[in-house]
Amino acid sequence: MVDESCIFCKIANGEIPSSTLYEDSDFRVILDLGPASKGHALILPKSHFKDVCELDATIAAKVLPLGARIGTAMKKSLGCAGFNLVQNNGEAAGQTVFHFHVHVIPRYEGGPAIAGWTPGQASPEELAETAELIKNSL
């Protein structure tokens, strides 16, 4: 399914031009217009899914191998030391376009911190309580 009002559906299906790195029957991979680093790409499914919770299992099974393939190509061609695969779900998590997509962000030695956090602390009791809440919702 394609959402006619979704900009990523339009880009993924070739209605809007993009700097395309890769395309097959399920995906288009493009360079991000607002890159976090040189080579920052987006993996866009051609079908519309709002987020990972709506993602079709067949498409989901193909996303990580494609991310690895794109990241490996970035390491070879751009000389980056590594890469992040980033996927945001919901506005609070930083999702700004509500079409499932994965960022492939090349990381360079000495480059800026892009994704990270300061580890917090939790008691064993708090971990057990939190685990039970989540398990009960599965």
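Note that this is a predicted model, so its numbers are computed, not measured.

Looking at this structure, how should I read the sheet that holds strand 5 (residues 102-107)?
The pairing of strands in a sheet comes from backbone hydrogen bonds and takes either a parallel or an antiparallel form. The strand order across the open sheet built from 5 strands is 1-2-3-5-4, with neighbouring strands paired in antiparallel fashion. Every interior strand has two partners, whereas the edge strands, strand 1 (20-23) and strand 4 (82-86), have only one. Neighbouring strand axes in the sheet, compared pairwise and without regard to direction, differ in orientation by 20 degrees on average. Of the strand pairs in this sheet, strand 3 (residues 41-45) and strand 5 are connected by 3 bridges, and their pairing is antiparallel. Counted as the bridge partner of Leu-42 is His-103 from strand 5. Its contacts with the sheet put helix 2 (residues 57-78) on strand 1, strand 2 (27-31), strand 3, strand 4 and strand 5, and the angle it makes with strand 4 is roughly 155 degrees.

Just to check I follow, could you spell out the pairing of strand 2 for this structure?
Both faces of the sheet carry side chains from a regular strand, because those side chains alternate between them. Of all 5 residues that make up strand 2, 4 are buried, and the element is covered over most of its length. Judged from the 3 bridges that link them, strand 1 and strand 2 form a sheet pairing that is antiparallel. Within strand 2, the residue paired with Thr-20 across the bridge is Ile-30. With antiparallel pairing between neighbouring strands as the criterion, strand 1 and strand 2 make up a hairpin whose turn holds 3 residues. Examined bridge by bridge, strand 2 and strand 3 share 5 bridges and lie antiparallel to one another. In the strand pairing of strand 3, Val-29 is matched with Ile-43.

The rules behind these values
Residues numbered from 1 in each chain as written. Predicted model: local features only at pLDDT ≥ 70, side-chain atom pairs only at ≥ 80, totals over all residues. Heavy atoms only, no water. Pairing = 2+ DSSP bridges. Helix = DSSP H or I, 4+ residues; strand = E, 2+ residues; numbered from the N terminus. Axes fitted to C-alpha atoms, helices over the stretch in contact; angles between N-to-C directions. Contact = heavy atoms within 4.5 Å. Buried < 20%, exposed > 50% of the residue type's maximum accessible area, 1.4 Å probe, protein only.

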